[in-house]
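Here are the chains, one letter per residue:
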Amino acid sequence: MSSFGIVLFFLIFGMAFWMLFFLLGFVLPYWITLGLFERLKPKRVFEDNE
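Residues numbered from 1 in each chain as written. Predicted model: local features only at pLDDT ≥ 70, side-chain atom pairs only at ≥ 80, totals over all residues. Heavy atoms only, no water.

Looking at the overall build of the protein chain
Note the following rule: Helix and strand definitions here come from DSSP, where helices need a minimum of 4 consecutive H or I residues and strands a minimum of 2 consecutive E residues; each element is numbered from the N-terminal end. Residue burial is assigned from relative accessible area. The probe radius is 1.4 Å, only protein chains are included, and a residue is buried under 20% of its type maximum, exposed over 50%, and partly exposed in between. The Shrake-Rupley method, run with a 1.4 Å probe sphere, supplies the accessible areas, and residue values consider only the shown protein chains as cover.
The secondary structure content of the protein chain amounts to one helix and zero strands. Every one of the 50 residues in the protein chain was classed for burial, and the buried ones make up 0%. In the structure as shown, the protein chain presents an accessible area of about 5,500 Å², 74% of it carried by carbon and sulfur atoms.

Below you can see the structure in the form of structure tokens.
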């Protein structure tokens, strides 16, 4: 039963590690890029409400 706990711990640790790896490798640069494009987009002085 002790080995089951160790395997379960490493399984959860591994899933958390790969989730953080995905977030730092894909989601964070994507979020930063969208923020930069939003700031670099030219502002409209006269916006159409229609």
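Considering a nonpolar patch on the surface
Our working definition: Only residues whose relative accessible area exceeds 30% and that form no salt bridge enter a patch; like-charged residues are grouped when within 9 Å of one another, and nonpolar side chains (Val, Leu, Ile, Met, Phe, Trp, Tyr) when within 5 Å. Basic side-chain nitrogens of Lys or Arg form a salt bridge, by our definition, when they fall within 4 Å of a carboxyl oxygen of Asp or Glu.
Taken together, the side chains of M19, L20, F22, L23, F26, V27, Y30 and L34 present a nonpolar region at the surface, about 770 Å² in accessible area. Position of L20 among the secondary structure elements: in helix α1 (residues 2-40).

Points about the packing of aromatic side chains
Any pair of aromatic rings gets described here by the distance separating the centres and the angle formed by the planes. The line we're drawing: Two rings from Phe, Tyr or Trp (for Trp, the six-membered ring) form a pair when their centres are within 6.5 Å of each other. A pair whose planes differ by under 30 degrees is stacked, one over 60 is edge-to-face, and the rest are tilted.
For the structure shown, the criterion picks out seven aromatic pairs. Taking 5.4 Å as the distance between ring centres and 65 degrees as the angle between the ring planes, the aromatic pair formed by F9 and F10 counts as edge-to-face. With centroids separated by 5.2 Å and ring planes inclined at 75 degrees, the aromatic side chains of F17 and W18 adopt a geometry described as edge-to-face. When its relative accessible area of 54% is taken as the criterion, W18 is described as exposed. Site record: aromatic cluster; members linked through ring pairs are F9, F10 and F13.

Some points on α1
This is how the line gets drawn: To estimate the expected span of a helix, subtract one from its residue number and multiply by 1.5 Å. Throughout, bend refers to the angle between the axes fitted to the seven residues that end at a position and the seven residues that start at it.
Compared with the 57 Å implied by 1.5 Å per residue over 39 residues, the 56 Å span of α1 between its first and last C-alpha is a close match. Of all the bends in α1, the greatest measures close to 35 degrees and is centred on L23.

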